[in-house]
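Residues per chain, in single letters:
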Amino acid sequence: MGPHPAVAAIRLAVRRVLHDILTDHSSHSPRSRTTGERAGERVGGRIGARLARPVGGIQAIPEQTPNERPPSPLVLVACSGGADSMALASALAFEAPKLGIRAGGITVDHGLQPGSDLRADEVALRLRELGLDPVESITVTVGRDGGPEAAARDARYAALDAALDRHGGTAILLGHTRDDQAETVLLGLARGSGIRSLSGMAAVSGAGGRYRRPFLQLDRQTARKACMVQALPVWDDPHNADPAYTRSRLRHEGLPALEKALGKGVVEALARTAQLSRDDADALDTWASQAEASVRDAAGLLECAKLYALPPAVRRRILRRAAIEAGAPAGSLFARHIEEVDRLITGWRGQGAINLPGKVVAQRQGGRLVIRQG
């Protein structure tokens, strides 16, 4: 008799991602040297051994033989102790050894609740009991920039990045589910920030594709059921039910209200919208990247007439990229900022400079758009 359907679902999702990681890891590993390349390295008439004899008192550097496999990658799971991440940790612990992948775990203590340090130690113990190694509990200091949720997220990702680099890992698995994706799409819609916000979370993100989200096609209930049938203890973060947090209100009030008004299937539809929006946004980003060179003059300045001829979605992407390159923080640059800059192109009436975040200024000068530090 096979595993419970919920357990089978989480394991399959993780197995697929681990196969992708193995493929990426193999393609980036130093290639083995061929017999022909090694043939010229004969020592005493024999093909050089893996450790060649010292020549002139200098030891040769060990080489990878043609039959030698690259070191197995290390994959970490970010685990809060909640049902989603505990299910993910259990699936990683089960699947990774079968594929020859090393598996570890990281838990982050944000220090925002009494006893959070003890809870982080408990989570680390559970991860070790699953057989994960290395396991690390990291305490972070949460700032105030962008509000409590954004500040906690920034501190968490900084800690995860540092841990991955410190352990020499290849990727970190995150337990975001289809429900989380639906919430992210609605939050983006409320901000009115454009199609990129509607695209939600990417299955692969971060520098070099270091963050992987295997559960974006699974609902939250499946992860919780998988924990229950495996007798995995889980911790329900009280912040997730605190109406002081926007995502919590959306989860417990907004989405249920939508389902009551529109019927079941809202979460699935929003997750599908995220993927379709991401495909469109990626295509527009590519178009903007290719078009940017054609709207700059010999000095690299943006030409207003050429920008005007582009579709608005492409033009605004070029303007946003130019503002970020000039020093505007991407997280503080909103649609309204780009719309104001865009009016220097489409609604020019001699208006003055536009002030952007990061002390960046955009102004029109002699048919050129100049974006620089003010």
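Use the structure listed above.
Because the structure is a prediction, the values reported are computed rather than measured. Note on numbering: residues in each chain are counted from 1, in written sequence order. The predicted origin of the model limits local features to residues at a pLDDT of at least 70 and limits the giving and counting of side-chain atom pairs to 80 or more, whereas totals for whole chains, interfaces and linings rest on all residues. Processing note: side-chain calculations cover all non-hydrogen atoms of the structure and skip hydrogens and water entirely.

### A word on the overall build of the chain
Alright, step 1. Scanning the chain for helices and strands turns up 13 helices and twelve strands.
Alright, step 2. Taking all 374 residues of the chain together, 40% fall into the buried category.
Alright, step 3. Any two residues whose heavy atoms approach within 4.5 Å at even a single point are treated as in contact. In the chain, the proportion of contacts linking residues at least 24 apart, taken out of those at least 6 apart, comes to 66%.
Alright, step 4. Computed with a 1.4 Å probe, the accessible areas rest on the Shrake-Rupley method; for each residue, only the protein chains presented here act as cover. Carbon and sulfur atoms form 54% of the exposed surface of the chain, whose accessible area is close to 20100 Å². Secondary structure is summarised from DSSP: a helix means a run of H or I of at least four residues, a strand means a run of E of at least two, and numbering begins at the N terminus for each. Only protein chains enter the accessibility calculation, which uses a 1.4 Å probe; a residue whose area is less than 20% of its type maximum is buried, one above 50% is exposed, and one in between is partly exposed.

### Section: the state of the cysteines
Alright, step 1. The term disulfide is used for any two cysteine sulfur atoms that are within 2.5 Å. Taken as a whole and assessed by the stated rule, the structure comprises zero disulfides.
Alright, step 2. For the unlinked cysteine Cys 79, the closest cysteine sulfur is that of Cys 227, found at 8.7 Å.

### Concerning the side chain of Glu 303
Alright, step 1. Within the element layout of this structure, Glu 303 appears in strand S9 (residues 302–303).
Alright, step 2. The exposure class assigned to Glu 303 is buried, which follows from its relative accessible area of 16%.

### Topic: the packing of helix H6 (residues 178–191) against helix H9 (residues 246–262)
Alright, step 1. Angles run from 0 to 180 degrees between N-to-C directions of axes, and those axes are lines fitted to C-alpha atoms, restricted for helices to the stretch in contact. Packing of H6 against H9 leaves a shortest axis separation of 10 Å and a crossing angle of 95°. Of the possible angle classes, the one that applies to H6 and H9 is roughly perpendicular. Across from Asp 180, Glu 183, Thr 184, Leu 186 and Leu 187 in H6, the residues of H9 making contact are Thr 246, Arg 247, Leu 250, Arg 251, Leu 255 and Leu 258.
Alright, step 2. Residues were grouped as follows: Ala, Val, Leu, Ile, Met, Phe, Trp, Tyr, Cys and Pro as nonpolar; Asp, Glu, Lys and Arg as charged; and all remaining residues, including Gly, as polar. Residues that form the contact of H6 with H9 fall into these classes: five nonpolar, two polar and four charged. Any angle that is under 35 degrees is reported as roughly parallel, and any over 145 degrees as roughly antiparallel; angles of 65 to 115 degrees are reported as roughly perpendicular and all others as oblique.

### Details of the packing of aromatic side chains
Alright, step 1. Note on ring pairs: Phe, Tyr and Trp rings are taken, using the six-membered ring of Trp, and paired if centres are within 6.5 Å. Classes follow the plane angle, with under 30 degrees stacked, over 60 edge-to-face and the rest tilted. Applying the stated rule across the entire model yields one aromatic pair.
Alright, step 2. For the ring pair Tyr 157 and Tyr 211, a centre distance of 5.1 Å and an interplane angle of 85° mean the geometry is edge-to-face. Of this pair, Tyr 157 sits in helix H5 (residues 148–167) while Tyr 211 sits in strand S8 (residues 211–212); the two residues are 54 residues apart in sequence, bridging distant segments of the chain.
Alright, step 3. According to the relative accessible area criterion, Tyr 211 is buried, its value standing at 4%.
Alright, step 4. Lysine and arginine charges are scored as sitting over a ring when NZ or CZ, respectively, is within 6 Å of the ring centre and within 35 degrees of the ring normal. The side chain of Arg 11 reaches across the aromatic face of Phe 94, ending 3.5 Å from its centre.

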